[in-house]
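# Observations on the three-dimensional arrangement
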Amino acid sequence: MCGVRFPKVLWGFGAEGQDQFPVDLGLQLPLLTLVGPVCPVPSGLCPASLGGRRGQALTLLIGKEKVPEASIPNLLKPFNLDLKSPLEKTPLFHLYGLILRETASEDLVGRHLAALLELSHQSSGHREGIALAVGITSTLHLEQVWAMLEHLGRTKFLRSALVSSASQPDPDAHWRWIGSTALLCYGQMALHAGKHILPRVDNIASRMVYYFWSSDHDNTLKTSFLSASIMLVKALSREVSAQRYKFTQIPELIQCLLCILENEPNILVNLFRQKIILVITELSHLRPRLKPTLKSRILQTCMQSLYTLPPTEVLKTSLPPLDPALDVVVLYQKSAQALDLLLQNFISENESMDEICFLLQHAEPWLKSNKSHECRRVVQSIFLLLKYVLDYVRLTEEALPSMLGRQVGLLTLLWRDKDKITQSHSSQCVYLLLQLLIQQKTGNTAEFINLNKMKNFEARVRRESEMKFYNLVKVGPVRAEGREGPTAALTREGPLRLLSTAPLAQALDGNLTVAQHTQLVLTLLQGLCSRDILRCNLAAELLLMIVEGWSVKPEQVAEILQGLFQELPCIIFRDVLQTMMKAVTLLGTQHTQQTVECGQPAGGTGPCLPRHVMPLWKALAANSRLARKVVTLLYVKLKLRPPRELIRFPVQAELMSLLVSPSATLYKAINIQGPRDTSVAWQRGSPDAESQGGDQGWRPVLLQALGAIYELLYIREYKATVRWAFAGILLGLLTQLHYLFELDVVEGIADHQEESLETQALSPCRTCLEALKGLFWTTNYWEVFAYLKLLRGWELFERLETYTEGVALLARAMAHYDCEVKAVLGQAVIFLKSPEERDNIVAILIITEFLNGQELTQYMSRKTMDNFLSLGLNNPNQLVRAMSLKGLSSILLQPKKVVLLRNRLAVLLDSFLKPEPKDLLGLMEILGDILHRLGTQGVGAISLKIAQHLLQLFENEKEGVRGGAIFLYGDVIYSGGKKFRQALKSHAFQALVPLLFHLADSCPDVVMKAKLTFLRCAVLLRWEFRKELFGKLAWGRGLGAENDILIYMVESNFGNYHQFLMRALVYLVSPDRHLKLVAMKFIGGLLQDYFADLCFCLKKDDVSTLRKSPRQAAPPQSHPRGCAVRPRVSAADLELLKQDPDSESRKFYKIFFEDVVELSQYVT
């Protein structure tokens, strides 16, 4: 065709008649091509319809007639190609694209494409028209169009992007939206290029991604990107061969679409969401398949964008005022349908239960939502998805993912949702899931053919087969077409009361794997913490039902209880907590061993068992038989002790795994002034220590059974059980401590600071010792605890060298206070027969002390005791043999020794009562040993003589004599037998004031023994506040403790205040300054707080004594030890304090002399 001249600007800004610059353009527009099926001639552009010069021009072009160059512009002018004309522009862009497509000259096509892209991009019509023309042109000129778009991206778009990023005004405003035009061009190019575009899909997608991330994300760009994506998807969907290609840029394209979706406003005024989700759905069909991470983000974004929309009522109020015709319900339904298609598409690509669980996992946040409309939306989507799977999908594998149990649990928790639709769909979803599981297990499709046909499941009443299935599993309430399911009325009236626990438990247990069942239970446990009382009650009752149905396997117990530990602190409803405690009790009954082992969580370096785990142990104690079983298991586990020779690093930790597990932090709620609060935590040693090998590198966590026993001692619900198992626990702890000494695990046992208020970490040995002490304290055998505490007897257990002394002292105290003697004796006999040496040692020490301190014939015959003691003579351990011989020589087995010992005691008493006996300390030691050996036989009237003489020795100037006399006095007052018990009580009352004053003795050893004897007197006299008194004696400090002890003493002896006063007055003239100061404090306290009572209680003899002058008073008695002791002190004697060089004495005189004078003048 001959060369012609064409206007420089066809679509630009020139008008007819302006100057034109000639360019060459060869046009061949065959009629068949122009009106072909790909690019038909737009209506209104046919020659006949145009008429006149327009028709003539088109006829010339179509007819391929040769016309002069100058005629072409004149022929084209009738088309009115100026874009400012009021005519419709799209047909003209379409025509222009057709003309360029049929142009043979590539150079000419490139020039006119460049001119076309120079047009303004402000109008959406311009952008779409330009893109349409470019797309049509690319049908036959793909390379030229691609090159032109590449050039556009490197020049015009890059410049506009830089200007935009610099926030500077663009001098060419029409370039602002060049990126949107380019996106539409790529979309149209993909749409028109046919199969030739497949190799370029990744390039097109990468350019689209580039334009998206390099432009401002305004509505224009997002709309253009979505339009381009839709065109790309349409192009790929009609090309069958597209499935043979692998497109690497599809994930990036999807990321851009997700970005648009994420930034959508939280209103619904268009179908943007639907279109984006549908495009993503189509893109997911392409190869390669989407990676799980991308699928996860797709699901999260799409669900977030749709489910979090406000309720429909709120969406209607947020519509723009100019669009009243928008139907929000329709918009949401279409968007939801798109999401349903996306989910169904993912299932179709991977027909397995794993994929179902993967999809449901992303719906979990909205299943747990507190917003009713969000739950309703997500449950409806899940229901439709499961229904689709059941109707159209054949799952390829048996369901094994454990997360399925969690999803069943979340859906189950919605059975009592306030929204009836949510109730219905959630119960149906559980039904469908179980149906899928059953179908997979049986593989018999005929059996479920009726159940799978559920086309009108939401709108119609359950079919008969479905009703049977619901009756089988007893699911929650369902409403359909205004009618209620079989359990709806039951739920509306109150908590879900299942007719039988077996059906649902069987349905779940038979169709869920152990892992799935565990996840179901854990999910229900999480439901306990909801603020919705209905949901909490449902979760608690379902859990109780599962436990009652014996559905929990032994291997599940640990994980379930750990989950319960985490949820217990967050349970806010008391009824729910009580229901769970009942479930724990049942679980403990069924799986006691596993439940007990879970009481000590594994690992950890700090406190290991918080307060909220205590309800578990309390629940196990709700049943006395179960509580005994728990303690028995702990006792048996305590006896698992590998021999020392087997415990070597590095196999050491493995062998000790039978023993070790962290103990618990125990915040003990005990009586006042009991053992201090401590926490138990035994940390592993440093890596350096472990690398050295040997026992030094081993630092296990606290012994499991030991720690558990330590905890149970301070749980009130176990008090009766601990008392029942007292003997076994006692000997178990004693032998365990010896075992730890054998292992040389003694670090930290002597470093414990009992009076520290800070939480302390306890070593194994220390834990064992604290448990031993706690055993006596918590079972109310506090006298035994006090006996060892005040004698520092517990410290004997801190070293192996003094361990046997500690056991003997403990057994002596138990015998003295009759502490579980029968039970402990029985256990000791069993331990004596044990092959373990440590068991023999502990047993023989206890038995020997019991023989001296108790009448054991009421529990065991002499012959039996003789037999097992004789067996001890053949024991390989020397100590056991010696103690067996000592036991055989006791007065219980040798009654004739009673007379011999009493005769020996009489001889010693003569020496003891002499003015200056030799070796007074030795005599008192022998006297004490004889008293101990005579035990319950007693010494009769001799005890009174000894007590009277010992009372005088309290004031001896030698510390050893004072301490020995005070300590022996505590034994003597219990040695008179029943006949002289009252007389010894009276004597003990006389010793109270001297003992009280010696609590301030200058010698610590005397103070310790004075505390013990003072307490023993209080116990003998049966004071009311004995336990509180011990607390002050053991741990009290300062004036507060002194005042409390005074109150306990005075208040426990109502009516005898005056006797305390008269005895205290004697010490005002004592040469021992400590005693004098204490006497003044005591007298001052009595005069200040009990003056009226003293006036009432004073006897005539006391008053007459106070009135005597110094000369009339009795002369002082000369004490053989050098102390002046006055039986009475008169008021005149107080005058001597006025000239006393000690300032405290003068101060006392000044304050209290008038009170004493007033008392002396009082006459009853």
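In this report, we go over the structure that sits alongside the text. Only a predicted model underlies this, so the values are computations on that prediction, with no experimental measurement involved.

### Some thoughts on the packing of aromatic side chains
The tally for this structure, following the rule as stated, stands at 32 aromatic pairs. A centroid spacing of 6.3 Å and a plane angle of 50 degrees characterise the contact between Phe776 and Trp794, whose relative ring orientation is tilted. Of this pair, Phe776 sits in helix H37 (residues 764-778) while Trp794 sits in the loop between helix H38 (782-790) and helix H39 (803-816), placing them 18 residues apart in sequence. Both residues of the pair, Phe776 and Trp794, count as buried. Aromatic pair Phe954 and Tyr969: ring centres 5.5 Å apart, planes at 80 degrees, arrangement edge-to-face. Highlighted residues: Phe954 in the loop between helix H46 (942-953) and helix H47 (959-972) and Tyr969 in helix H47, separated in sequence by 15 residues. On the accessibility criterion, Phe954 (0% relative accessible area) is buried.

### What to know about the state of the cysteines
Linking two cysteines covalently via their sulfur atoms produces the bond known as a disulfide. Scanning all chains against the criterion turns up zero disulfides. Here Cys570 is not disulfide-linked; the sulfur of Cys529 is the nearest cysteine sulfur, at 4.5 Å. Exposure remark for Cys570: the relative accessible area of 41% places this residue in the partly exposed category. Unpaired in this structure, Cys765 has its nearest cysteine sulfur neighbour in Cys768, at a distance of 7.2 Å.

### Focus: the packing of helix H36 (residues 726-742) against H37
Running from N to C, H36 and H37 point in directions that differ by 155 degrees, and their axes come no closer than 9 Å. As judged from the angle between their axes, H36 and H37 are roughly antiparallel. Judged by the sense of rotation from one axis to the other, the crossing of H36 with H37 is left-handed. Residues Phe726, Ile729, Leu730, Leu733, Leu734, Gln736, Leu737 and Leu740 of H36 lie in contact with H37, whose contacting residues are Pro764, Cys765, Cys768, Ala771, Leu772, Leu775 and Phe776.

### Details of empty space enclosed by the protein
Going through the model one piece at a time under the given rule, you end up with 14 cavities of 30 Å³ or more. Forming the walls of the largest cavity are 13 residues, and the residues nearest its centre are Val521, Val547, Ile560, Met580 and Leu587. Within the residue set of the lining of the largest cavity, elements represented by two or more residues are helix H25 (514-527), helix H26 (533-548), helix H27 (554-567) and helix H28 (574-590). Tallying contributions element by element places H28 first for the lining of the largest cavity, with four residues. For the lining of the largest cavity, the class distribution of residues is 13 nonpolar, no polar and no charged.

### A word on the environment of Pro251
Position of Pro251 relative to the elements: it lies in helix H12 (residues 250-262). Residues Pro251 and Leu283 lie 32 residues apart in sequence; the distance between their C-alpha atoms is 8.7 Å.

Parameters and conventions
Residues numbered from 1 in each chain as written. Predicted model: local features only at pLDDT ≥ 70, side-chain atom pairs only at ≥ 80, totals over all residues. Heavy atoms only, no water. Phe/Tyr/Trp six-rings, centres within 6.5 Å; stacked < 30°, edge-to-face > 60°. Helix = DSSP H or I, 4+ residues; strand = E, 2+ residues; numbered from the N terminus. Buried < 20%, exposed > 50% of the residue type's maximum accessible area, 1.4 Å probe, protein only. Disulfide = S-S within 2.5 Å. Axes fitted to C-alpha atoms, helices over the stretch in contact; angles between N-to-C directions. Parallel < 35°, antiparallel > 145°, perpendicular 65-115°, else oblique. Left-handed = near helix turned anticlockwise from the far one by under 90°. Contact = heavy atoms within 4.5 Å. 1 Å grid on protein atoms, 1.4 Å probe; cavity = no way out; pocket = protein on both sides within 12 Å on 5 of 7 lines; lining within 4 Å. Points joined across faces, edges and corners; volume = space filled by probe spheres on them. Nonpolar A, V, L, I, M, F, W, Y, C, P; charged D, E, K, R; others polar.

Shape descriptors only; they carry no functional weight alone.
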